[in-house]
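So you can see what is in the structure, the chains are spelled out below.
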Amino acid sequence: MKALLDILKPTSSDWPLAKAVDPERLPQHIAVIMDGNGRWAGRRNLPRAAGHKAGMNSVREIIENCARIGIEALTLYAFSVENWKRPRAEVETLWRLLRFYVERELPKLVENGIQIRTIGRTDELPANVTSCLRKAESATRQNRGLVVNIAINYGGRTEIADAVNRILENARRAGAADSLVVTEEMISAHLYGAGIPDPDLLIRTSGELRISNFLLWQLAYTEIYVTPTFWPDFGLTDLLEAILNFQKRDRRFGALNKDAVTATDEQVDELLGVSAT
Ligand code: FPP
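Here the structure is a predicted model, which is why all the values come from computation and not from measurement.

Burial of strand E6 (residues 223–226) is one-sided: the residues Glu223 and Tyr225 facing one way are buried, the residues Ile224 and Val226 facing the other way are not. Sheet analysis places strand E5 (residues 201–204) next to E6, joined by four bridges and oriented parallel. In the strand pairing of E6, Leu202 is matched with Ile224.

This is how it looks when you write it as structure tokens:
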């Protein structure tokens, strides 16, 4: 948080929000479904590409702000396996914008200690997109700051199926396929971003109440925050509000708090209206 407070003016409207954030209880990993680029553009009578370009600025901003706040990992849903259904021209625009953004920002990402990683079937992307992403991954591999996972040609179901197939393939190679029992730990260890803790907070912009095939395995106990803000308008204020909202949540992971009042057998008998046996 210190790096953020250092650049904020005490007179800015974000100052009280930033001061209210508890630096000891930050979400370690934030995942984002960046939605609403098209609607943002439509409201302004602009082509959808203008919305995606404005969305790129929000990407730059959230990376900078998460690094300043001290978030450890940020996963951004850039392109789903279903997004290939969009018109070819829109898909091409997204690749152009992505390459433009990554090439322009790479020196700054390297300098700021950001690690870029990708999750998804990246080998199925156009060759110039794959090579641009590989370049960013290798240039930032030694960095130890914020980890930014770009989910691209990503699908949650595809990821789980790919993980299971890799487990099976490894077992076959070891001649152990017949006795294979797949466990949750094995699936977790074979996901694209294995080793990165599950997201603590999922932010979805533009008000839709859907997961959209994103991180299906990893979101099991993630806190979900949906804002009506379109992605191109999502800035520091929205990010701080999402974190403050997260810090109010009671995360029990299916267990109970220490002070929870449980009933005795006798009380349960009474609740059911039966006499004790
Ligand atoms: C959703 O808006 C947005 C996308 C499908 C693309 C998001 C991608 C970016 C902002 C670029 C990401 C780049 C990097 C480097 C991570 P939409 O088109 O579905 O909007 P709509 O629902 O309003 O039509």
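Moving on: the layout of surface pockets. Put simply, the largest pocket is a space of about 720 Å³. Considering the residues around the largest pocket, the lining is formed by 35 residues, among which Met34, Tyr77, Ala78, Phe79 and Asn83 are closest to the centre. Those elements giving two or more residues to the lining of the largest pocket turn out to be helix H3 (37–43), helix H4 (48–69), strand E2 (73–80), helix H5 (88–111) and strand E4 (147–154). Within this model, the second largest pocket holds a volume of roughly 190 Å³. If you trace the second largest pocket, you find 17 residues lining it, with Gly193, Ala194, Ile196, Asp198 and Gln218 closest to the centre.

Most of E2 sits inside the fold, with seven of its eight residues counted as buried. By the bridge criterion, five bridges tie strand E1 (residues 29–33) to E2 in an arrangement that is parallel. Bridging from a neighbouring strand, Ile33 pairs with Tyr77 of E2. As paired strands, E2 and E4 are joined by seven bridges and run parallel to one another. When the sheet's bridge partners are listed, Leu76 is paired in E4 with Ile150.

Thresholds applied
Residues numbered from 1 in each chain as written. Predicted model: local features only at pLDDT ≥ 70, side-chain atom pairs only at ≥ 80, totals over all residues. Heavy atoms only, no water. Buried < 20%, exposed > 50% of the residue type's maximum accessible area, 1.4 Å probe, protein only. Helix = DSSP H or I, 4+ residues; strand = E, 2+ residues; numbered from the N terminus. Pairing = 2+ DSSP bridges. 1 Å grid on protein atoms, 1.4 Å probe; cavity = no way out; pocket = protein on both sides within 12 Å on 5 of 7 lines; lining within 4 Å. Points joined across faces, edges and corners; volume = space filled by probe spheres on them.

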